[in-house]
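Survey of secondary and tertiary structure
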Amino acid sequence: MKKIAPLLLPILALAACGEEPAPEPTSEAAPAVEETVELPAPDQALFASLLAEQCPGAEPVNTAVCSRAMGADEAVCEYGLGDDEYLRNAATIAVNEGGDAWMLTEGDAVCPQ
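Below you will find a few notes about this structure. Sequence order as written defines residue numbering, which begins from 1 separately in each chain. pLDDT decides what is reported in this predicted model: residues at 70 or higher carry local features, side-chain atom pairs at 80 or more are listed and counted, and totals for whole chains, interfaces and linings draw on all residues regardless. The side-chain quantities take in all heavy atoms of the structure and omit both hydrogens and water.

A short note on the packing of aromatic side chains
The way to describe two aromatic rings as a pair is by their centre distance and the angle between their planes. The aromatic pairing rule takes the rings of Phe, Tyr and Trp, using the six-membered ring of Trp, and pairs them if the centres are within 6.5 Å, calling planes under 30 degrees apart stacked, those over 60 edge-to-face and the rest tilted. Evaluation of the coordinates by the stated rule reveals one aromatic pair. On the numbers, 4.8 Å between centres and 45° between planes, the contact of F47 with Y79 is tilted. In this pair, F47 is assigned in helix α2 (residues 44–54) and Y79 in strand β2 (residues 74–81), connecting sequence segments 32 residues apart. Assigned by exposure class, F47 and Y79 land together as buried. Strands here mean DSSP runs of E at least two residues long; helices mean DSSP runs of H or I at least four residues long; both are numbered from the N terminus. Exposed residues in this analysis have more than 50% of their type's maximum accessible area, buried residues have under 20%, and partly exposed residues fall in between, with area computed by a 1.4 Å probe over protein chains only.

Notes on the state of the cysteines
In a disulfide, the sulfur atoms of two cysteines are covalently bonded to one another. What counts as a disulfide here is a pair of cysteine sulfur atoms lying within 2.5 Å. Counted according to the given criterion, the structure contains two disulfides. The disulfide bridge from C55 ends at C111, spanning 1.8 Å between sulfur atoms. Taking the sign of the S-S torsion, -90° for the link of C55 and C111, the bridge is left-handed. Here C55, found in the loop between α2 and β1 (61–67), pairs with C111, found in the segment after β4 (102–104); they are 56 residues apart in sequence, far enough to count as distant. In this structure, C55 and C111 share a single accessibility class: buried. With a sulfur-sulfur separation of 2.0 Å, C66 is cross-linked through a disulfide to C77. Because the sign of the S-S torsion sets the handedness, a value of about 110° for the bond joining C66 and C77 places this disulfide among the right-handed ones. Here the residue C66 occupies a position in strand β1, and C77 occupies one in strand β2, the gap between them amounting to eleven residues. The exposure classification of C66 matches that of C77, with both residues buried. Taking only the cysteines that form disulfides and numbering them from first to last, the chain has the pattern 1-4, 2-3.

See below:
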């Protein structure tokens, strides 16, 4: 053991000298997280209410199917009015400028004559 002790002392001294103090944490501000509003997927109830607001004298929507690509700002809704069970009509809805609601893009042109 006496022979090993003189060899260990320089090794331990070198190991202790090689350590650097940890860098102080920087106080960088975290990037601002953008708030995103998650809109509900357009469905029959949503489309029926949009069409009822746009065309108050029209027959109520009986059936509707809306589809959109992932993350798209527009959706195409095919629908039937009154007693019609078939999807004979189509309209495009889009996210409004505020990004917090859906709206019809065709305006009064979508209202049945």
